[in-house]
Amino acid sequence: MTIPVLDPIIGYIDEPVDPALDLYEEIERLKREKNAVILAHYYQESAIQDIADYIGDSLGLARRAAETDAEIIVFAGVHFMAETAKILSPSKTVLLPDLNAGCSLADACPADAFAAFKEAYPDHIVISYINCSAETKALSDIICTSSNAEHIVRQIPEDQPIIFAPDKNLGRFVIKQTGRDMVLWDGVCIVHETFSEQKLVRLKTRYPDAPVLAHPECEEKVLRHADYVGSTSGILAFARSHSSDTFIVTTEEGILHQMQKDSPEKTFIPAPPESGCSCNQCPHMRLNTIEKLYLCLEHELPELIMDEAVRIKALKPIEKMMEMSLAIV
Ligand code: 13P
Ligand code: SF4
């Protein structure tokens with residue numbers, strides 16, 4: 001067998017996959033042979049969601065990564081998620097089907113610029129959204145996700161000023177919910193900022209009884225039309241338990257696969273983006289494909305490698321988040 005070489009610019013194993021292979025069977029076999037687990041985010045393509053051992057939001061995925069007994073974690077998500085898994089489970093091999101699966105929020109907050117920004121607010125505590133690099137996490141006091149951000153901010157003493165980074169939309173939403181003033185870093189998610197308020201309002205007129213479910217990474221002008229705002233897991237749980245038969249979904253459309261599997265009798269309408277394209281699909285999340293996942297598990301490449309000093313620094317604020325969100329299920 002030839003040993004493949006991973007070109008870091010390409011970021012994945014660039015090999016043809018025999019179309020006659022049953023990738024589900026092959027991936028199941030490799031998982032058993034290698035004691036591997038597949039953790040996937042709801043924004044992955046349907047085929048990946050269907051083969052995953054666990055699908056979840058960022059908090060659920062981080063918890064799973066910390067708990068697993070598997071020797072290999074294949075992280076079907078984006079780079080910051082795989083990094084979080086490695087930070088929490090350093091003895092495991094963490095694989096990411098495509099190393100270039102990044103995130104606009106993580107890219108918008110480089111650690112050197114963030115360190116300089118922090119210097120202007122020496123008495124502020126730093127709460128960073130998990131959608132940032134390990135280096136930026138290492139500069140933070142507490143990490144949060146969309147499912148626990150409000151809960152964590154409410155635990156900070158009233159007289160303690162806060163910097164919230166990198167998502168200004170989530171930050172603004174938390175400010176509105178808690179009444180706490182926070183200094184916000186100017187980052188956005190390129191997927192969630194793309195939803196059109198005008199088209200959403202038109203859709204609501206056509207489906208007046210359909211609750212609008214939105215992710216807090218959306219802009220304020222979109223969130224104000226939402227009946228429920230929450231993380232991907234929160235959105236799923238809301239749709240499962242709500243009596244309505246139709247829902248308008250304002251987040252990356254990959255989640256519709258689980259929503260439909262969960263409640264086959266209900267109708268889920270994706271909220272439209274500004275342009276007519278599929279820009280409510282995350283271009284980073286969608287770099288992963290079932291073929292790349294198969295090749296990555298077969299060759300155990302690309303592997304997420306992290307500097308140990310950065311890992312140790314980034315672990316502290318993640319542990320703080322875990323401690324402060326025990327009440328969140
Ligand atoms: P959650 O799944 O934690 O809600 O986060 C969404 C997201 O932006 C992932 O990139
Ligand atoms: Fe980042 Fe947005 Fe893609 Fe999530 S959906 S990975 S926040 S760019």
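The structure we're discussing is the one just above.
So, how was this worked out
- Here the residue index of a chain counts from 1 through its sequence in written order.
- As they are written, the chains are lettered A onward and the ligands numbered 1 onward, keeping that order.
- For this predicted model, a pLDDT threshold of at least 70 governs which residues receive local features, and a threshold of 80 or more governs which side-chain atom pairs are given and counted, while totals over whole chains, interfaces and linings are taken from all residues.
- Computation of side-chain values: all heavy atoms of the structure, hydrogens and water removed.
- In the sections that follow, a salt bridge refers to a side-chain nitrogen of Lys or Arg positioned within 4 Å of a carboxyl oxygen of Asp or Glu.
- Think of it this way: any DSSP run of H or I at least four residues long counts as a helix, any run of E at least two long counts as a strand, and we number them from the N terminus.
- Think of it in three bands: residues with accessible area under 20% of the maximum for their type are buried, residues over 50% are exposed, and the middle band is partly exposed, with areas taken using a 1.4 Å probe on protein chains only.
- Being near a molecule or strand, for a residue, means having at least one of its heavy atoms within 4 Å of it.
- Detection works on a 1 Å grid of protein atoms alone, calling trapped sets that fit a 1.4 Å probe cavities and calling open sets with protein on both sides within 12 Å along at least five of seven lines pockets, with lining residues defined by an atom within 4 Å of a point.
- To qualify as sitting in a cavity or pocket, a molecule needs more than half of its atoms within 2 Å of the grid points.
- For this classification, the nonpolar set comprises Ala, Val, Leu, Ile, Met, Phe, Trp, Tyr, Cys and Pro, the charged set comprises Asp, Glu, Lys and Arg, and every other residue, Gly included, is treated as polar.
- The definition of a polar contact used here is a pair of N or O atoms within 3.5 Å, where within protein one atom must be able to donate a hydrogen and the other to accept one, and adjacent residues in sequence count solely through side-chain atom pairs.
- Every accessible area reported is derived by Shrake-Rupley at a probe size of 1.4 Å, with residue values counting cover from the shown protein chains alone.
- Grid points are joined across faces, edges and corners, and a volume is the space filled by probe spheres set on the points.
- For two strands to count as paired, DSSP must find a minimum of two bridges between them.
- Orientation is described by axes fitted as lines to C-alpha atoms, over the contacting stretch for helices, and by angles from 0 to 180 degrees between their N-to-C directions.
- To form a nonpolar core, buried Ala, Val, Leu, Ile, Met, Phe, Trp, Tyr and Cys residues must be joined to one another through side-chain atoms within 4.5 Å.
- Residue contacts are defined here by distance: any two heavy atoms, one from each residue, within 4.5 Å place the two residues in contact.
- Within 6.5 Å between ring centres, the rings of Phe, Tyr and Trp (the latter by its six-membered ring) count as paired, and their orientation is classed by plane angle as stacked under 30 degrees, edge-to-face over 60, tilted in between.

Novice: Provide a residue-level description of the pattern of salt bridges, including the pertinent values.
Specialist: Opposite charge on two side chains permits them to pair, given that their charged atoms come into close proximity. What the rule picks out here adds up to 16 salt bridges. A salt bridge links Glu 33 to Arg 29, with the shortest nitrogen-to-oxygen separation between them at 3.1 Å. Taken together, the residues Glu 33 and Arg 29, both in helix 1 (residues 23-34) and four residues apart, mark about one turn of the helix. A residue is classified by how much of its surface remains accessible, and Glu 33, at 53% relative accessible area, is exposed. Of the charged contacts, one joins Asp 53 and Lys 31 as a salt bridge, the two residues approaching to 3.0 Å between their closest N and O atoms. Of this pair, Asp 53 sits in the loop between helix 2 (46-51) and strand 2 (54-56) while Lys 31 sits in helix 1, and the two are 22 residues apart along the sequence. The partly exposed category is assigned to Asp 53, whose relative accessible area is 40%. Three or more residues joined by partner-sharing salt bridges are found here, namely Glu 26, Arg 29 and Glu 33.

Novice: I'd love a proper account of the site of ligand 2, names of residues and values included.
Specialist: As a matter of local geometry, ligand 2 sits amid Tyr 43, Val 78, Cys 103, Ser 104, Leu 105, Asn 131, Cys 189, Val 191, Glu 217, Cys 282 and His 284. Put simply, ligand 2 lies in the largest cavity. Across the shell around ligand 2, the residue classes tally to seven nonpolar, three polar and one charged.

Novice: Account for the site of ligand 1, naming residues and giving values.
Specialist: Lining the immediate environment of ligand 1, one finds 13 residues, of which His 41, Ser 146, His 215, Glu 217 and Thr 232 sit closest. In this structure, Thr 232 approaches ligand 1 through a side-chain N or O atom, which is 2.6 Å from an oxygen atom. Starting from 300 Å² of accessible surface for ligand 1 in isolation, the protein chains cover 96%. Classifying every residue of the shell around ligand 1 by side-chain character gives four nonpolar, seven polar and two charged.

Novice: Would you mind going over the layout of surface pockets in detail, with residue names and values included?
Specialist: Volume-wise, the largest pocket comes out at about 200 Å³. Broken down by secondary-structure element, the contributors of at least two residues to the lining of the largest pocket are helix 3 (58-67) and helix 12 (232-241). When grouped by side-chain class, the residues that make up the lining of the largest pocket number five nonpolar, five polar and two charged. Taken as a whole, the second largest pocket encloses approximately 160 Å³ of empty space. Taken together, 16 residues line the second largest pocket, and the ones lying closest to its centre are Ser 146, Ser 147, Asn 148, Glu 150 and Gly 230. Secondary-structure elements contributing two or more residues to the lining of the second largest pocket are helix 8 (149-153), helix 9 (168-178) and strand 10 (228-229). Residue classes in the lining of the second largest pocket are distributed as eight nonpolar, seven polar and one charged.

Novice: Please set out the sheet that holds strand 4 (residues 93-95) residue by residue, giving values where relevant.
Specialist: Across the sheet, which stays open at both edges, the four strands sit in the order 2-1-3-4 with parallel pairing between neighbours. The strands lining the two open edges of the sheet, one partner per strand, are strand 2 and strand 4. Here the strands of the sheet are splayed against their neighbours by 20 degrees on average, with no regard to which way each runs.

Novice: Describe the nonpolar core, with residues and values.
Specialist: Judged by nonpolar contacts, the single largest core of 87 residues is most densely connected at Ile 27, Val 74, Phe 75, Ile 127, Ile 255, Met 259 and Met 321. With near-sequence residues (within four places) excluded, Ile 27 lies in contact with Ile 38, Ile 51, Ile 290, Leu 293, Tyr 294 and Leu 297. Counting residues in hydrophobic clusters, the runner-up holds 13 residues, among them Phe 195, Ala 214, Cys 218 and Ala 271.

Novice: Please set out the packing of aromatic side chains residue by residue, giving values where relevant.
Specialist: Two descriptors summarise a pair of aromatic rings, namely the distance from one centre to the other and the angle between the planes of the rings. Under the criterion given, the structure shown has six aromatic pairs. Between Phe 114 and Trp 185 the ring centres are 5.5 Å apart and the planes differ by 85 degrees, which places this aromatic pair in the edge-to-face class. Of this pair, Phe 114 sits in helix 6 (residues 111-119) while Trp 185 sits in the loop between strand 8 (183-184) and helix 10 (197-206); the two residues are 71 residues apart in sequence, bridging distant segments of the chain. For Phe 114, a relative accessible area of 0% corresponds to the buried category. Geometrically, the ring pair formed by Phe 247 and Phe 268 is stacked, given 5.5 Å between the ring centres and 20 degrees between the ring planes. Of the two residues, Phe 247 sits in strand 11 (residues 246-250) while Phe 268 sits in strand 12 (residues 267-270), which places them 21 residues apart along the sequence. With respect to burial, Phe 247 and Phe 268 carry one shared label: buried. Each member of the aromatic cluster is reached from another via a ring pair, and the members are Phe 114, Phe 117, Tyr 121 and Trp 185.

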